[in-house]
Amino acid sequence: MKMGRHDNCLQICEKILSMDPFNECAYELKGDLYKTNQKIDEAFIEYSKAVQINPESSSAISSLGDIMKFKGKLSEALIHYKQALRLNEKQPYTLMALI
């Protein structure tokens, strides 16, 4: 994603969160944007906020697994992936991450 669009998307997420600080989707999107740009620690923070708001967000939990996998913390990644699959056993991305 071009940096200008990335910044624009982040600004939109911030605007959404200023109006609705419990919008888990905005936090998850921010995490995706940061992950795409290799800002792994920032992505982890945003995904964690999404999970705090909705502990049953299988996609955000799976994304936390991705972050742990990227950091080489495979046992922690596996915990997140298993949790995400318990919540949504048909989530294809999580299944692929386990392969």
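This structure is a prediction, so every number in the text was calculated from the model and none was measured.

Caption draft 1: Molecular detail of helix H4 (residues 58–70). Spanning 13 residues, H4 covers 18 Å between terminal C-alpha atoms, matching the ideal 18 Å at 1.5 Å per step. Counting buried residues along H4, 10 of its 13 residues qualify, which places the element largely inside the surrounding structure. At the exit of H4 stands Gly 72, carrying a positive phi of roughly 85 degrees.

Caption draft 2: Fine view of the environment of Ser 48. Following the sequence through the fold, Ser 48 ends up in helix H3 (residues 40–53). By relative accessible area, which is 19% here, Ser 48 ends up buried. Through-space distance from the C-alpha of Ser 48 to that of Gln 11 is 19 Å; in sequence the pair is 37 residues apart. From its side chain, Ser 48 meets the backbone oxygen of Phe 44 in a polar contact 2.8 Å long.

Caption draft 3: View of unusual backbone geometry. For Gln 38, which is not a glycine, the phi torsion comes out positive at approximately 60 degrees. Its place among the elements puts Gln 38 in the loop between helix H2 (24–36) and H3.

Caption draft 4: How the structure looks around the nonpolar core. With 21 residues, the main nonpolar core has Ala 43, Tyr 47, Val 51 and Ile 67 as its most contacted residues. When residues of this core are traced back to their parent elements, those giving at least two are helix H1 (3–19), H2, H3, H4 and helix H5 (74–87). In contact with Tyr 47, not counting residues within four places along its chain, are Glu 28, Gly 31, Asp 32, Lys 35, Ala 60, Ser 63, Leu 64 and Ile 67.

Parameters at a glance
Residues numbered from 1 in each chain as written. Predicted model: local features only at pLDDT ≥ 70, side-chain atom pairs only at ≥ 80, totals over all residues. Heavy atoms only, no water. Helix = DSSP H or I, 4+ residues; strand = E, 2+ residues; numbered from the N terminus. Expected span 1.5 Å × (residues − 1). Buried < 20%, exposed > 50% of the residue type's maximum accessible area, 1.4 Å probe, protein only. Polar contact = N/O pair within 3.5 Å; in protein donor to acceptor, adjacent residues only side chain to side chain. Core = buried A, V, L, I, M, F, W, Y, C linked by side-chain atoms within 4.5 Å. Contact = heavy atoms within 4.5 Å.

Coordinates in, geometry out; function isn't part of it.
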